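The chain contents come next:
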Amino acid sequence: VIFGKRQAFTELGISSSQLLSVLPRLGFKGSTRVQAAAIPQILGKDRRAVIITSETGSGKTLAYLLPAFEIALRRPPRPEGCPHPVAIIVAPGRELGFQIYSV
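Below you will find a few notes about this structure. (Residues numbered from 1 in each chain as written. Predicted model: local features only at pLDDT ≥ 70, side-chain atom pairs only at ≥ 80, totals over all residues. Heavy atoms only, no water.)

## Focus on the overall build of the protein chain
Step number 1: Within the protein chain, the secondary structure is distributed over four helices and zero strands.
Step number 2: Ordered by position in the sequence, the α and β elements of the protein chain form the string α-α-α-α.
Step number 3: For 103 residues, the compact-globule formula gives about 13 Å, and the C-alpha radius of gyration of the protein chain, at 14 Å, lands near that figure.
Step number 4: Taken along its principal axes, the extent of the C-alpha atoms in the protein chain is 40 × 30 × 30 Å.
Step number 5: A buried classification covers 29% of the 103 residues belonging to the protein chain.
Step number 6: Within the protein chain, contacts between residues separated by at least 24 positions form 65% of all contacts whose residues are at least 6 apart in sequence.
Step number 7: Of the charged side chains in the protein chain, 13 are positive and 6 negative; the average position of the first set lies 2 Å away from that of the second. (Helix = DSSP H or I, 4+ residues; strand = E, 2+ residues; numbered from the N terminus. Rg over C-alpha atoms; globule rule 2.2 N^0.38 Å. Buried < 20%, exposed > 50% of the residue type's maximum accessible area, 1.4 Å probe, protein only. Contact = heavy atoms within 4.5 Å. Lys, Arg positive; Asp, Glu negative; His and termini not counted. Charge placed at Lys NZ, Arg CZ, Asp CG, Glu CD.)

Below is the structure:
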């Protein structure tokens, strides 16, 4: 998929009530085209590897983070003291690391 059509996050497979309630409060009313193209691919049954290239401000960071949060929230609670991470987020630079941390 090269371009997506702006859609509601629920249409992309985001079903967590926690995510759906916080997104509007953070100013996200719907997806960007990049998110609409990427999120269903990431959340699909075969968990496709997705590489996104797009201009700054197109929504790439949230396109990766929303599915990670969705998948983590779908899982049962982890045992207390579990030493394994739920997700690992790698950023190629300090600026992007701060941007991801702020989300």
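After that view of the structure, there is still more to cover.
## Considering the nonpolar core
Step number 1: Ranked by size, the top nonpolar core spans 10 residues in total: F9, L12, I14, L19, L23, A36, I39, L43, L62 and L66.
Step number 2: Among the elements of the structure, α1 (17-25), α2 (33-43) and α3 (60-74) are those that each provide at least two residues to this core.
Step number 3: The greatest single-element share of this core, amounting to three residues, is contributed by α2.
Step number 4: Judged by nonpolar contacts, the second largest core, of five residues, contains V34, A38, I42 and A63. (Core = buried A, V, L, I, M, F, W, Y, C linked by side-chain atoms within 4.5 Å.)

## Examining the packing of α2 against α3
Step number 1: Interaxial distance between α2 and α3 falls to 9 Å at its minimum, and their mutual angle equals 30 degrees. For the pair α2 and α3, the sense of crossing is right-handed. Each of V34, Q35, A38, I39, I42 and L43 in α2 lies in contact with α3, whose residues at this interface are K60, L62, A63, Y64, L66, P67, E70, I71 and R74.
Step number 2: Taken together, the residues of the contact of α2 with α3 sort by class into 11 nonpolar, one polar and three charged. (Axes fitted to C-alpha atoms, helices over the stretch in contact; angles between N-to-C directions. Left-handed = near helix turned anticlockwise from the far one by under 90°. Nonpolar A, V, L, I, M, F, W, Y, C, P; charged D, E, K, R; others polar.)

## Comments concerning the pattern of salt bridges
Step number 1: On inspection of all chains with the given rule, the structure shows one salt bridge.
Step number 2: Between E70 and R74 there is a salt bridge, with its nearest N and O atoms 3.0 Å apart. Of this pair, E70 and R74 are both found in helix α3, four residues apart, which corresponds to roughly one turn of the helix. (Salt bridge = Lys/Arg side-chain N within 4 Å of Asp/Glu carboxyl O.)

## Some thoughts on a nonpolar patch on the surface
Step number 1: Taken together, the side chains of F69, L73 and V103 present a nonpolar region at the surface, about 240 Å² in accessible area.
Step number 2: Tracing the backbone shows F69 in helix α3.
Step number 3: The class of F69 is partly exposed, set by a relative accessible area of 34%. (Patch = residues over 30% accessible without salt bridge, like charges linked within 9 Å, V, L, I, M, F, W, Y side chains within 5 Å. Areas by Shrake-Rupley, 256 points an atom, 1.4 Å probe, with all protein chains shown as cover.)

## Some remarks on the layout of surface pockets
Step number 1: Quantified by volume, the largest pocket comes out at close to 810 Å³.
Step number 2: The wall of the largest pocket is formed by 35 residues, among which K60, T61, L62, Y64 and L65 lie closest to the centre.
Step number 3: Counting residues per element, the ones that place at least two in the lining of the largest pocket are α2, α3 and α4 (94-102).
Step number 4: A per-class count over the lining of the largest pocket returns 20 nonpolar, 10 polar and five charged. (1 Å grid on protein atoms, 1.4 Å probe; cavity = no way out; pocket = protein on both sides within 12 Å on 5 of 7 lines; lining within 4 Å. Points joined across faces, edges and corners; volume = space filled by probe spheres on them.)

Function-wise, these values are silent; they only describe arrangement.
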